[in-house]
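Inside the fold
If you want the building blocks of each chain, they are given just below.
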Amino acid sequence: MKQRIFLMVMVLSLACGCHNGQTDGAQPEEITAEMALEGVSNYCHSAYDWSAAEENPELMYVAMGEETDSAYQVVFRSYTGALVHFYVDKASGSTRIVEQVPALGVESDAGTINLSDYLKKN
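Residues numbered from 1 in each chain as written. Predicted model: local features only at pLDDT ≥ 70, side-chain atom pairs only at ≥ 80, totals over all residues. Heavy atoms only, no water.

Mean pLDDT for the protein: 82, with 76% of residues reaching 70 or above. The low-confidence segment residues 1-25, where pLDDT is below 50, has 29 contacts with residues more than four positions distant or belonging to other chains. (pLDDT = per-residue confidence, 0-100. Contact = heavy atoms within 4.5 Å.)

Okay, here's the thing in structure tokens:
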């Protein structure tokens, strides 16, 4: 339990402390893992209600998943146990969203976002 909380604190501190260094609104040459985590975390904090996690932060989190040559996977866990997988294209920042409810064996496409819309501009 303590290890999980420590991991969440580390992930969130990375997400809050990273920025893409862009000041002119231009798309960076390539998306980094830190940028993928930051952008998805920002999206999740704006799109989902985090009030359920105020007293029990381990109920909800954003964490890095697997990485391929072309994409990062970032996973959001909801307090309901649902998982939302974000597949971030390293070259473009285009992000495909797939929602999964493991308890019901249900998985569905939930749209796309552009990661750069959720990265903090300096």
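The rest of the description comes next.
Before going further, it helps to examine the sheet that holds strand β4 (residues 94-101). The sheet built from 5 strands is open, its strands ordered β1-β2-β3-β4-β5 with antiparallel pairing. Of all strands in the sheet, those with a lone pairing partner are β1 (61-67) and β5 (106-114), marking the two edges. When the angles between neighbouring strand axes are averaged without regard to direction, this sheet yields 25°. With 7 bridges joining them, strand β2 (residues 71-77) and strand β3 (residues 83-89) adopt antiparallel strand pairing. By the bridge assignment, V74 is partnered in β3 with F86. (Pairing = 2+ DSSP bridges. Helix = DSSP H or I, 4+ residues; strand = E, 2+ residues; numbered from the N terminus. Axes fitted to C-alpha atoms, helices over the stretch in contact; angles between N-to-C directions.)

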